[in-house]
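Observations on chain architecture
These are the residues of each chain, in order.
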Amino acid sequence: MFGGNNPFYKIAKSQSFHAIAAEFDPSISLLKLLELSIETQSLKLSSQSHARAQRLGLTQHSIIAQKLIFSYCQLRRPFDGQLVFDSLLFKNTHICNTLLSGYGKNQFFQESLDLFRKMRDGSAFGVVDDFTFSVMFKIVGDLGEVLVGKMVHGRSVKNGLVLDTVAGNSLMSMYSRCGCFDDSMKVFDEMPLRNVSSWNALISGYAKVKSWDGSFCRLGLWDIVREMQHEDLKFDAFTVSTLLSLCSGGAGSGDFRDKCGHGRELHCYIIRNGLDLSSGPDGDVHLGCCLIDMYSKNGKVDVGRRVFDRMKWKNVCAWTAMINGYAQCGKFEDALFLFREMQWRDGDGPNKVSLVAILPACSSISGLMGGKQIHGFAVRRELNHDLSLCNALIDTYSKCGSLSYATQVFEHECTRKDAISWSSIICGYGLHGQGQQAVILFDKMLQNGIKPDTTVVVGVLSACSKSGLINDGLIIYDSVVTNYKIKPTVEMCACMVDMFGRSGQLDKALDFIKSMPVEPGPSSWGALLSASALHGNSEMQELAYKSLIMMEPDNSSNYISLSNLYASSKRWDVVAEVRQVMRKRGLRKLPGCSWISMNGASHSFVVADKSHPCSNLIYVMLDELVSAMKLTYYNPDFVYLMEV
């Protein structure tokens, strides 16, 4: 308690050292005190060190001044660091670079650019060097101004420093972050000496663009990986974690097997090269989280759980990654169980990311009460004003049927609103059939200067569709396409089809599908299908089913629904043909799963499920209900539909 890493123990020990060392060289003790203030992140200790330097007349000592500037910037007080800097009569390059880096870490971009210009022009400031350009490239990457980056790049060429490996890596990273991947590749090709960080910068550029077919480059991603290995450069933790993020994809994607295979190879590489997650406190927990995420996104959450169980040292990130993996794969009960286990096993307990990860499970199983419990936990931890958590709470309350709670979070706890906040509340009003209020909120969002994205447009168009607000929907669609230059997406077009279809304008809905600026997807034909079924247009319903089967030949639900449509019109020969096609393809309808909460406990059911402890009583009651239904109404076609 009184030793080891205790900051108070370190301060007391340093003070005793300070008293002894001050007799010999006061600057040594002062430097030790400044190092301790940086290590313990103590503003009080930094201020005391500054005052001590004033009394001893050491304010012009270059190393002490540099440490003071660094300490203040680390404590997010760059203006205090600037005061130290301005008081110096002589400013060398190292001191200027320290303040420049501090400005960048605190996102003081204008001050960074001003200082760089003064260094570039010389005068009383230190001249620019390799480190100066490395820092500036990072700052410009944070700023996202590629034109400024190109000017800094040009200055580095003029100074003859472009060949430095560290500066080159920072330059590559800057171009990648600004979306200029061709320029990043050119810098990479021109570097005479490359290290692992150089390859990491190139790979992370691919990770940002999510393009691995070499469409903008002469090489594909895995070609780059192989070339890196040919240069006898080993992957480090950053390389592996970046590659793992590119090895995840839905099971329906075409290159799913390749991605999953690459992920397993990287897992083997981690174990073979001493990065095994079970090796103790030195194991890389971050890599463990990346593996869990990769396996979960590939539908192999059980493998991710084995990775999690082998991790002897788990922090809140590891627990959150596993909970999120379960939630993504629809295993909500496992997610909730792990969340409860986390609260009594992990010393720190859940953080805001953990709460965001568990909320989908609450809305699916625990319902409104579960969402309220998570909300209460966030209030006790003073996390309820976090933007991402507020957005998740708005979505959860809306889906759990409590629009009033969602509105309260949006208006009172979501102090800083972004496009996701507005999208969540607008979708919530649309979900509850209050389309007019959703339109009002959409207009208010535009008045607040927030540009709409495709998600919020889909939300408000869906709200207009469900509430029959055709004119409002048409105005919004034309406005976002014309005024905000948003390209229509498949989802937006599906909302328009649904809007026409619900109002009975099936011909307009079909014409819109034929004239869509994007290729019609299953959602568009599905909207037409629902509308034609609603209005009893069997001809258009059949057309929609056939289009869906052409698009999704392995989706059993489409065949089942088409079979039922033919059965309802007593076309038994066609029904038999559809069933035969299903048998040839080996298609079977996946059973649906339902949940019900009673007395604080959640119960789940699937077709022919006998796992429930009261299944015998449940089936007895079902048999009685079916018998009562048959006595009340008997129809051969109805019986046939029930049996198939």
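Just so we're clear, the structure is a prediction, and the values are computed from it rather than from any experiment.

This part takes up a nonpolar patch on the surface. A cluster of nonpolar side chains, namely Met621, Leu622 and Leu625, defines an oily patch on the protein surface of about 280 Å² accessible area. Following the sequence through the fold, Leu622 ends up in helix H33 (residues 615–632).

Let us look at the pattern of salt bridges. Any two side chains of opposite charge can pair, given that their charged atoms come close. Under the counting rule described, the total for this entry stands at 14 salt bridges. Salt-bridge contacts for Arg226 lead to Asp223; the nearest nitrogen and oxygen are separated by 2.8 Å. Here Asp223 and Arg226 lie together in helix H13 (residues 221–230), a separation of 3 residues that amounts to about one turn. Arg226 sits in the partly exposed class, given a relative accessible area of 42%. The partly exposed category is assigned to Asp223, whose relative accessible area is 33%.

Bringing the packing of helix H16 (residues 285–297) against helix H17 (residues 301–310) into the picture now. Two quantities define a packed helix pair, namely the angle between the helix axes and the distance between the axes. At a closest axis distance of 7 Å, the pairing of H16 and H17 adopts a crossing angle of 165°. When the interaxial angle is binned, H16 and H17 end up roughly antiparallel. In the crossing of H16 with H17, the sense of the turn from one axis to the other is left-handed. Each of Gly288, Leu291, Ile292, Tyr295 and Ser296 in H16 lies in contact with H17, whose residues at this interface are Val301, Val303, Gly304, Val307 and Phe308.

As a further point, take the environment of Pro350. The residue Pro350 is located in the loop between helix H19 (332–345) and helix H20 (352–380) in this model. A relative accessible area of 4% means that Pro350 is categorised as buried. It is 8.0 Å that separates the C-alpha atoms of Pro350 and Phe339, two residues lying 11 residues apart in sequence. Setting aside anything within four residues of it in sequence, one finds Pro350 in contact with Val316, Phe339, Met342, Gln343, Leu355, Phe377 and Arg381.

Before going further, it helps to spend a moment on the UniProt feature "repeat: PPR" (unreviewed entry) in the protein chain. Per the UniProt record, the feature "repeat: PPR" (unreviewed entry) sits at residues 92–122, 164–198, 315–345 and 418–452. Helix makes up 74% of residues 164–198 and strand 0%, whereas the separation of the span's terminal C-alpha atoms amounts to 11 Å. Secondary structure over residues 418–452 splits into 74% helix and 0% strand, and the C-alpha atoms at its two ends are 10 Å apart.

Time to look at the packing of aromatic side chains. What the rule picks out here adds up to 11 aromatic pairs. Residue placement shows Lys314 over the ring face of Phe308; its charged tip is 5.1 Å from the ring centre. Above the face of the Phe410 ring, Lys417 is positioned so that its terminal group lies 5.0 Å from the ring centre.

Direction vectors running N to C along H17 and helix H18 (residues 316–328) enclose 165°, while the axes themselves pass 10 Å from each other. As the angle between them shows, H17 and H18 are arranged roughly antiparallel. In this structure, the crossing between H17 and H18 has a hand that is left-handed. Counted together, Val301, Gly304, Arg305 and Phe308 of H17 and Ala318, Trp319, Met322, Gly325 and Tyr326 of H18 form the full contact between these two elements. When the residues that make up the contact of H17 with H18 are grouped by side-chain class, the tally is 6 nonpolar, 2 polar and 1 charged.

How each quantity is defined
- Residues numbered from 1 in each chain as written.
- Predicted model: local features only at pLDDT ≥ 70, side-chain atom pairs only at ≥ 80, totals over all residues.
- Heavy atoms only, no water.
- Patch = residues over 30% accessible without salt bridge, like charges linked within 9 Å, V, L, I, M, F, W, Y side chains within 5 Å.
- Areas by Shrake-Rupley, 256 points an atom, 1.4 Å probe, with all protein chains shown as cover.
- Salt bridge = Lys/Arg side-chain N within 4 Å of Asp/Glu carboxyl O.
- Helix = DSSP H or I, 4+ residues; strand = E, 2+ residues; numbered from the N terminus.
- Buried < 20%, exposed > 50% of the residue type's maximum accessible area, 1.4 Å probe, protein only.
- Axes fitted to C-alpha atoms, helices over the stretch in contact; angles between N-to-C directions.
- Parallel < 35°, antiparallel > 145°, perpendicular 65-115°, else oblique.
- Left-handed = near helix turned anticlockwise from the far one by under 90°.
- Contact = heavy atoms within 4.5 Å.
- UniProt positions renumbered as here; feature names shortened; annotations may be inferred.
- Phe/Tyr/Trp six-rings, centres within 6.5 Å; stacked < 30°, edge-to-face > 60°.
- Lys NZ or Arg CZ within 6 Å of the ring centre and 35° of its normal.
- Nonpolar A, V, L, I, M, F, W, Y, C, P; charged D, E, K, R; others polar.

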